[in-house]
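Given next are the chains, with one letter for each unit.
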Amino acid sequence: MKDRVFIAWSGSNEIALKVKALLEKYNYGCFIGGNADNTSKFSSVGDTVIQQIKNCNQAIVIFQNRRDGAVSNNLFFELGYVMAMYGMKKVHCIKRKEEVVVLPSDFDNSFVESIEDNGDDDSFVDGIVKYFIFRQKMSINENKMFLINNRYLIHDKIVSHYSESGSKCSDYELAQYILFYMQAAHMFGDEKKTLKEILRFKQQHNYEFSSELSLAVNMCVSFFELVTSIKLNENENNVYVDQSVFWKFKNAYCGYESDVVDDDIGIFDEWAKVFIFQHLTFAFMLFANNNSLKSDMRSSLYEKSKDYAFKAVEHIKTLEKRAPCIENNDEIGLLSLLKAYVYRNVFIAKDYLKDEDAAEWLKLTLKERLALKNNFDGGIIDTQLYNNFCMEYYLSVVNYLSNIQDVDEFEIEMYRNEMREYINSVMSDNSENVYLKQMSKWCDS
């Protein structure tokens, strides 16, 4: 079951009934405002308008004149109620292009879309539904790190999406939420649990998925299968994956890359590309860390990892310029974190390949890590996430001080004292953590 749509109307109810019939073919549940002929299985004859509105999460408001040449006053009551309850992005106001409807002086006509009717009702109805579907490609109007920190909000949207209670977002929006849910599970270390949840969601509703939602869910499954197969290479203090794991993931994600449809309306395509290229960077780096490979093969994998990293950076920069990300300050949250991931993987690849500018990428990741640590200090974010930001920052400091030659002794000692203080604050609960051991070893060297 997709969203439930409240259809408000003035004049004749014939257009509302036809819109309802067409939308239900797209698997939307529809309530026609206060109409006794509303035979949708999702409503009952006795429902009041308020009850109908409360059962929905989007509205189509059809402005038509009555026989007396005026718009029904009831329509304005319903319009105000749905705007307050759903928000303007979920309210779709339309009228016939050639019909002159008189609105109160306080109203601005700009929020009412004029639809061509070609002289017949059917083309008008088709235009209404096309406009509604077009408006479904909405961006997530929340800071993405806030969503990750409060992932139960996303969980609630997934659970309700095909339930009898009704969806809380469009398929297009849910596809974006799934990508952020994937990132949240990775940061909280809940990949195995979330993989089971997403697989169950896919098994139950796969046949109802839009192309974007299907892509997001499949990306999620493939990524979790990769990270739950990671092994620790104790000799080199790094992590890797086996060939079969890498090959399965690489083939799946290259297929997902070709499945992304460029979209000038919404930004799901850009988010998908960022995650695809960032994850491919990570996967090639993981397999390159497998010390069973010959050196020339490892070099080739690291080169490929760099190529995908540069693509990820390109699409991150594109997102940084898009209005939804600017308005939601994603630059100081998820986009900064993704840049930190990518820059670190570029450094690892360049360091192995002995590229002269490897240290520059280390400085870039250190800058992003420090920004994350400073921006989310003071209880702004879940303690586990903040500790991860701190740990990744100090690991970058170790790499930085180990690779930069012109750092004076005072700066090194200040970093060492700061790191010891951090290690002492978290070591009691993480005494076996390999990264803390690595930092302790550096501090004592």
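Please refer to the structure placed before this passage.
Summarised in this report is the structure supplied together with it. Everything numeric here is computed off the predicted structure, so don't read it as measured data.

## Quick look at the overall build of the chain
Item 1. Looking only at helices and strands, the chain features 18 helices and seven strands.
Item 2. In terms of principal-axis extent, the alpha carbons of the chain reach across some 90 × 45 × 35 Å.
Item 3. By the burial criterion, 54% of the 445 residues in the chain qualify as buried.
Item 4. Contacts in the chain between residues at least 24 apart in sequence constitute 69% of all its contacts with a sequence separation of at least 6.
Item 5. Summed over its atoms, the accessible surface of the chain is roughly 20,800 Å², and 48% of this surface lies on carbon and sulfur atoms.

## Quick look at the pairing of strand β1 (residues 4-9)
Item 1. For β1, the buried fraction is high: five of the six residues fall into the buried class.
Item 2. Relative to strand β2 (residues 29-32), β1 is paired through four bridges, and the arrangement is parallel. In the sheet register, V5 faces β2, and the bridge partner there is C30.
Item 3. Between the parallel elements β1 and β2, the chain passes through helix α1 (residues 14-25) in a crossover that is right-handed.

## What about the packing of aromatic side chains?
Item 1. One pass over the structure, following the stated rule, counts 22 aromatic pairs.
Item 2. On the basis of an interplanar angle of 35° and a centroid distance of 4.6 Å, the ring pair of Y302 and Y352 is categorised as tilted. Of the two residues, Y302 is situated in helix α12 (residues 295-321) and Y352 in helix α14 (residues 334-353); the sequence distance between them amounts to 50 residues.
Item 3. Y352 gets classed as partly exposed once you look at its relative accessible area, which sits at 28%.
Item 4. An aromatic cluster of at least three residues, connected via ring pairs, comprises F246, F277, F284, F287 and Y308.

The rules behind each value
Residues numbered from 1 in each chain as written. Predicted model: local features only at pLDDT ≥ 70, side-chain atom pairs only at ≥ 80, totals over all residues. Heavy atoms only, no water. Helix = DSSP H or I, 4+ residues; strand = E, 2+ residues; numbered from the N terminus. Buried < 20%, exposed > 50% of the residue type's maximum accessible area, 1.4 Å probe, protein only. Contact = heavy atoms within 4.5 Å. Areas by Shrake-Rupley, 256 points an atom, 1.4 Å probe, with all protein chains shown as cover. Pairing = 2+ DSSP bridges. Right-handed = clockwise from strand over helix to strand, strands pointing away. Phe/Tyr/Trp six-rings, centres within 6.5 Å; stacked < 30°, edge-to-face > 60°.

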